[in-house]
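Next come the chains, spelled out residue by residue.
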Amino acid sequence: MKRKTWSCHDCGVKEGELHQEGCDMETCVDCGGQLISCDCEVKKFGEIPYLLIPNLCRLCGKQWPDMFGIPDGEWDNFVLPELKLEVLCRECYKEVKAIFPKGWRSKKKSRQSN
Ligand SMILES: [Zn+2]
Ligand SMILES: [Zn+2]
Ligand SMILES: [Zn+2]
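Everything quoted here is computed from the prediction, not taken from an experiment. (Residues numbered from 1 in each chain as written. Chains lettered and ligands numbered in written order. Predicted model: local features only at pLDDT ≥ 70, side-chain atom pairs only at ≥ 80, totals over all residues.)

A. Structural context of the overall build of the protein. When its secondary structure is counted, the protein shows 2 helices and 0 strands. When burial is assessed residue by residue, the protein has 10% of its 114 residues classed as buried. (Helix = DSSP H or I, 4+ residues; strand = E, 2+ residues; numbered from the N terminus. Buried ≥ 20, exposed ≤ 12 C-beta atoms within 10 Å, placed from the backbone.)

Given below as structure tokens:
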């Protein structure tokens, strides 16, 4: 499967090329942060070639899964804490909901033997 590539959304360079000065996608070589908003005194533009890092579904690895809306509270209820900050595709989110029909906090009522 070929990786999707995109031109920089801000300055328009292709992957492997250097950003134009002032591009908001440029990474700071000193701190690793976003160059236009980091705290470094000396801003070094044109140091790191542009490489797009794709969003991947954390569960199936699908690239650039469609963004989809989830009602408030649902994400918290169904998605385990270690996945909360990750990207899930719509299909995997459905599976997660199937695994935890009432949310992951709801324990199965199987330990009522005493
Ligand atoms: Zn750029
Ligand atoms: Zn910096
Ligand atoms: Zn997925």
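B. Fine view of the domain arrangement of the protein. Domain annotation for the protein reports domain 1 (1-53) and domain 2 (54-105). Inter-centroid distance (C-alpha atoms) of domain 1 to domain 2 is 29 Å. (Domains from an automatic or database assignment.)

C. Spatial organisation of unusual backbone geometry. Positioned with a positive phi, tryptophan 64 is a non-glycine residue whose angle comes to about 50°. Within the secondary structure, tryptophan 64 sits in the segment before helix 1 (74-78).

D. Geometry of the environment of tyrosine 93. Within the secondary structure, tyrosine 93 is located in helix 2 (residues 90-99). Residues tyrosine 93 and isoleucine 70 lie 23 residues apart in sequence; the distance between their C-alpha atoms is 9.9 Å.

E. The arrangement of the environment of glutamate 74 in detail. Summarising the element assignment, glutamate 74 is placed in helix 1. What makes glutamate 74 partly exposed here is the crowd of 13 C-beta atoms within 10 Å. Between the C-alpha atoms of glutamate 74 and leucine 56, which are 18 residues apart in sequence, the distance is 21 Å.

F. Looking closely at the environment of lysine 102. Along the chain, the position of lysine 102 falls in the segment after helix 2. Along the chain, lysine 102 and glutamate 41 lie 61 residues apart, while their C-alpha atoms are 51 Å from each other.

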